[in-house]
Amino acid sequence: MTLSMLDRMTLYSQQQYRQDVFSFYAETLEDVNKSFRHAAYRQFTILMHGKLTAGDRRTVPACCVKLIREKFPSLSGQYTSFIPGEGPVF
C-alpha cells in the first residue's frame with residue numbers, strides 16, 4: 001500500500017488518468033507537492049473504501065497523513081486539515 005500512496009510515478013499516472021486540475025496548474029515545488037499530497041490522500045481513500053459518492057468524505061489515519069506530509073512537504077509548513085462533507089463522517 002505504501003508504494004501506491006507514495007510513489008511519484010504511480011501518483012502522476014493517476015493524476016493524468018483523472019485529469020486532475022491540481023496537477024495541471026502546478027508550477028512551483030509547493031504546488032507540485034500539494035498536488036501529490038492530494039493524489040496520495042485520494043489513492044489511500046480509494047484503496048481502503050472504494051469509490052465514494054459526492055459529499056462522502058473519509059478521514060485518513062494520522063500515520064498515513066504523517067507519511068504523506070513527510071514525502072511531499074509543504075515549504076511553508078501550512079496544511080489543510082480534514083474538511084467534512086455533507087454525508088456522515090467515518
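Please read all numbers here as calculations on a predicted model, not as lab measurements. (Residues numbered from 1 in each chain as written. Predicted model: local features only at pLDDT ≥ 70, side-chain atom pairs only at ≥ 80, totals over all residues. Heavy atoms only, no water.)

Before going further, it helps to spend a moment on the packing of helix 4 (residues 29–49) against helix 5 (residues 62–71). At a closest axis distance of 10 Å, the pairing of helix 4 and helix 5 adopts a crossing angle of 150°. Taken together, helix 4 and helix 5 sit at an angle that is classed as roughly antiparallel. Like other packed secondary-structure pairs, helix 4 and helix 5 cross with a definite hand, here right-handed. Contact with helix 4, carried on its side by Arg-37, Ala-40, Tyr-41 and Phe-44, involves Cys-64, Val-65, Ile-68 and Arg-69 of helix 5 and no other residues of that element. Partitioning the contact of helix 4 with helix 5 into residue classes produces six nonpolar, no polar and two charged. (Axes fitted to C-alpha atoms, helices over the stretch in contact; angles between N-to-C directions. Helix = DSSP H or I, 4+ residues; strand = E, 2+ residues; numbered from the N terminus. Parallel < 35°, antiparallel > 145°, perpendicular 65-115°, else oblique. Left-handed = near helix turned anticlockwise from the far one by under 90°. Contact = heavy atoms within 4.5 Å. Nonpolar A, V, L, I, M, F, W, Y, C, P; charged D, E, K, R; others polar.)

Here we come to the side chain of Ser-74. Mapped onto the elements of the fold, Ser-74 is located in the segment after helix 5. Take Ser-74: its relative accessible area is 8%, and that puts it in the buried class. Engagement of the side chain of Ser-74 in a polar contact is seen with the backbone oxygen of Gln-78, the distance being 3.1 Å. When sequence neighbours within four positions are dropped, the list of residues in contact with Ser-74 reads Glu-30, Arg-37 and Tyr-79. (Buried < 20%, exposed > 50% of the residue type's maximum accessible area, 1.4 Å probe, protein only. Polar contact = N/O pair within 3.5 Å; in protein donor to acceptor, adjacent residues only side chain to side chain.)

For the rest of this paragraph, the subject is the nonpolar core. Ranked by size, the top nonpolar core spans seven residues in total: Leu-6, Leu-11, Phe-36, Ala-39, Ala-40, Ile-68 and Phe-72. Sort the elements by how many residues they give to this core and helix 4 lands first, with three residues. Setting aside residues no more than four positions away along its own chain, Ala-39 makes contact with Leu-11, Gln-14 and Gln-15. (Core = buried A, V, L, I, M, F, W, Y, C linked by side-chain atoms within 4.5 Å.)

In this section: the confidence of the model for the chain. The pLDDT averaged across the chain works out to 79; a share of 79% of its residues lies at or above 70. Per-residue pLDDT, averaged within each element of the chain, yields its smallest value for helix 3 (residues 21–24) (58) and its largest for helix 5 (92). (pLDDT = per-residue confidence, 0-100.)

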